[in-house]
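The chain contents come next:
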Amino acid sequence: MLPGKKGWAAIKVIVFLLSLLPFLLLTNDAFNDQLGANPVEALHFGFGDWALRFLCIGLALSPSKTITGQNWPMRFRRMMGLYAFFYASLHLLVFIVLDLSLSWEAFKDEVPKSPYILMGLLTYSLLLSLAVTSTKRMQKRLGRSWIKLHKLVYVAGITALVHYFWLIKSDYTEPLIYAGVIAGLLAVRIVVYFRRAAKLFSL
Ligand code: HEM
């Protein structure tokens, strides 16, 4: 049996706190000097990894609905998307404040010659546009265009992968795992799309 209104509210609070845990653990390690030999890199990579993980979780919710026939995974879609944006913002903040020491000169020097950084910035702008339009009010205001706009989350999944592949120099295991997950999730969406189209044509 599914929980009632109060039950869902409690579950949402638990999921919210669990999603905040990586941030608390990483910052706690940073303040206690537990991030190893290169703490800035560990913090930067840690936030980037969690941004990608939350993006994957967000992408998995709609296929979960399709596979299980249950609507409840969709209740967490906005929260997971906003967490992807939150960790991506921290990832960017560490890059600008700790890696580049807030230097505009260093930014101008580094960014144009690094395609993977440009791809990171593109992914971030996609996540930003999804985050600012994620409210119920924006959903109402944009109507059908909102659904189209929020399909950009799939593009963000792909550009985040390209960002990851382009920055890796030798061991591709981790990005390949993420690529497999995202390809599987996109495949479910494509199958659903073609099934719907086939149903329409058979009418
Ligand atoms: C906001 C603009 C972004 C910038 C400027 C940026 C920049 C960077 C840089 C400089 C690195 C380290 C490269 C190296 O030293 O080898 C990195 C790694 C990474 N970034 Fe980004 N990034 C951005 C956005 C994103 C987004 C939106 C995601 C995911 C949704 C992401 C996921 C990752 C991952 C997974 C890594 C590798 C972490 C690891 O190796 O464990 N980045 N990024």
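For clarity, every value in this text was computed on a predicted model and none was experimentally measured.

### Structural notes on the overall build of the protein
Okay, step 1: On a plain count of helices and strands, the protein comes out with nine helices and zero strands.
Okay, step 2: The N-to-C order of helical and strand elements in the protein reads α-α-α-α-α-α-α-α-α.
Okay, step 3: Over its C-alpha atoms, taken along the principal directions, the protein stretches across nearly 60 × 40 × 35 Å.
Okay, step 4: The buried share of the protein, taken over its 203 residues, is 33%.
Okay, step 5: Put simply, 64% of the contacts in the protein that link residues at least 6 apart link residues at least 24 apart.
Okay, step 6: Accessible surface, the protein: about 13100 Å² in total, of which carbon and sulfur atoms supply 68%.
Okay, step 7: For the protein, the centre of its 22 positive side-chain charges and the centre of its 10 negative side-chain charges are spaced 30 Å apart.

### Concerning the site of the ligand
Okay, step 1: In the vicinity of the ligand lie 20 residues, with His44, Phe45, Asp49, His91 and His163 positioned nearest.
Okay, step 2: The side chain of histidine 91 places a nitrogen or oxygen atom 2.8 Å from a nitrogen atom of the ligand.
Okay, step 3: Among the secondary structure elements, those contributing two or more residues to the shell around the ligand are helix 2 (39-68), helix 3 (77-99), helix 5 (115-132) and helix 8 (152-167).
Okay, step 4: Broken down by class, the residue content of the shell around the ligand amounts to 13 nonpolar, six polar and one charged.

### Some remarks on the environment of serine 103
Okay, step 1: Examined against the element boundaries, serine 103 turns out to sit in the loop between helix 3 and helix 4 (104-110).
Okay, step 2: Taking C-alpha positions, serine 103 is 22 Å from leucine 167, a pair spaced 64 residues apart along the chain.

### Description of the packing of aromatic side chains
Okay, step 1: Under the definition given, this model contains 17 aromatic pairs.
Okay, step 2: Arranged with centres 5.9 Å apart and planes meeting at 80 degrees, the rings of tyrosine 83 and phenylalanine 86 form a pair that is edge-to-face. Of this pair, tyrosine 83 and phenylalanine 86 both sit in helix 3, separated by three residues, roughly a single helical turn.
Okay, step 3: Residue class for tyrosine 83 comes out buried when judged on its relative accessible area of 5%.
Okay, step 4: An angle of 15 degrees between the planes, with centres 5.5 Å apart, marks the rings of tryptophan 104 and phenylalanine 107 as stacked. Placement of the pair is tryptophan 104 and phenylalanine 107 together in helix 4, with a separation of three residues, close to one helical turn.
Okay, step 5: A network of ring pairs unites the aromatic residues Phe16, Phe23, Phe47, Trp50, Phe54, Tyr83, Phe86 and Tyr87 as a single cluster.
Okay, step 6: Geometry around tryptophan 50 places arginine 53 over its ring, the cationic atom sitting 4.6 Å from the centre.

### Brief notes about the coordination of the iron atom of the ligand
Okay, step 1: Surrounding the iron atom of the ligand are the protein donor atoms His91 (NE2) and His163 (NE2), at 2.0 to 2.1 Å.
Okay, step 2: Geometry at the iron atom of the ligand is octahedral, judged from the six donor atoms that bind it and their angles of 87 to 180 degrees at the metal. On the criterion of sequence distance, the pair formed by histidine 91 in helix 3 and histidine 163 in helix 8 is long-range, its members being 72 residues apart. One exposure class covers both histidine 91 and histidine 163, and it is buried.

### Concerning the side chain of histidine 91
Okay, step 1: Under the relative-accessibility criterion, histidine 91 is labelled buried at 19%.
Okay, step 2: Reaching out from histidine 91, the side chain makes a polar contact with the backbone oxygen of histidine 44 at a distance of 2.8 Å.
Okay, step 3: Sequence-distant contacts of histidine 91, defined by excluding residues within four places in its chain, comprise His44, Phe47, Gly48 and His163.

### Structural notes on the confidence of the model for the protein
Okay, step 1: The predicted model of the protein averages 95 in pLDDT, with 100% of residues at 70 or higher.
Okay, step 2: Looking across the protein, the model is least confident in helix 9 (residues 173-202), with a mean pLDDT of 92, and most confident in helix 5, with 98.

### A few points about the nonpolar core
Okay, step 1: Formed by 37 residues in total, the largest nonpolar core has its most connected members in Phe47, Leu55 and Tyr87.
Okay, step 2: If you list the elements that add at least two residues to this core, you get helix 1 (5-31), helix 2, helix 3, helix 5, helix 8 and helix 9.
Okay, step 3: When near neighbours in sequence (up to four residues on either side) are disregarded, tyrosine 87 contacts Ser19, Leu20, Leu21, Pro22, Phe23, Phe47, Trp50, Ala51 and Phe54.

### Some words on a nonpolar patch on the surface
Okay, step 1: Together, Ile14, Leu18, Leu21, Leu24 and Leu25 line one region of the surface with nonpolar side chains, adding up to about 470 Å² of accessible area.
Okay, step 2: Mapped onto the elements, leucine 24 comes out in helix 1.
Okay, step 3: What makes leucine 24 partly exposed here is its relative accessible area of 42%.

Reading guide: rules and limits
Residues numbered from 1 in each chain as written. Predicted model: local features only at pLDDT ≥ 70, side-chain atom pairs only at ≥ 80, totals over all residues. Heavy atoms only, no water. Helix = DSSP H or I, 4+ residues; strand = E, 2+ residues; numbered from the N terminus. Buried < 20%, exposed > 50% of the residue type's maximum accessible area, 1.4 Å probe, protein only. Contact = heavy atoms within 4.5 Å. Areas by Shrake-Rupley, 256 points an atom, 1.4 Å probe, with all protein chains shown as cover. Lys, Arg positive; Asp, Glu negative; His and termini not counted. Charge placed at Lys NZ, Arg CZ, Asp CG, Glu CD. Near = heavy atom within 4 Å. Polar contact = N/O pair within 3.5 Å; in protein donor to acceptor, adjacent residues only side chain to side chain. Nonpolar A, V, L, I, M, F, W, Y, C, P; charged D, E, K, R; others polar. Phe/Tyr/Trp six-rings, centres within 6.5 Å; stacked < 30°, edge-to-face > 60°. Lys NZ or Arg CZ within 6 Å of the ring centre and 35° of its normal. Donors = N, O, S within 2.8 Å, 3.2 Å for Na, K, Ca; no water. Tetrahedral: all angles 85-135°; square planar, octahedral: opposite > 155°, others 65-115°. pLDDT = per-residue confidence, 0-100. Core = buried A, V, L, I, M, F, W, Y, C linked by side-chain atoms within 4.5 Å. Patch = residues over 30% accessible without salt bridge, like charges linked within 9 Å, V, L, I, M, F, W, Y side chains within 5 Å. Salt bridge = Lys/Arg side-chain N within 4 Å of Asp/Glu carboxyl O.

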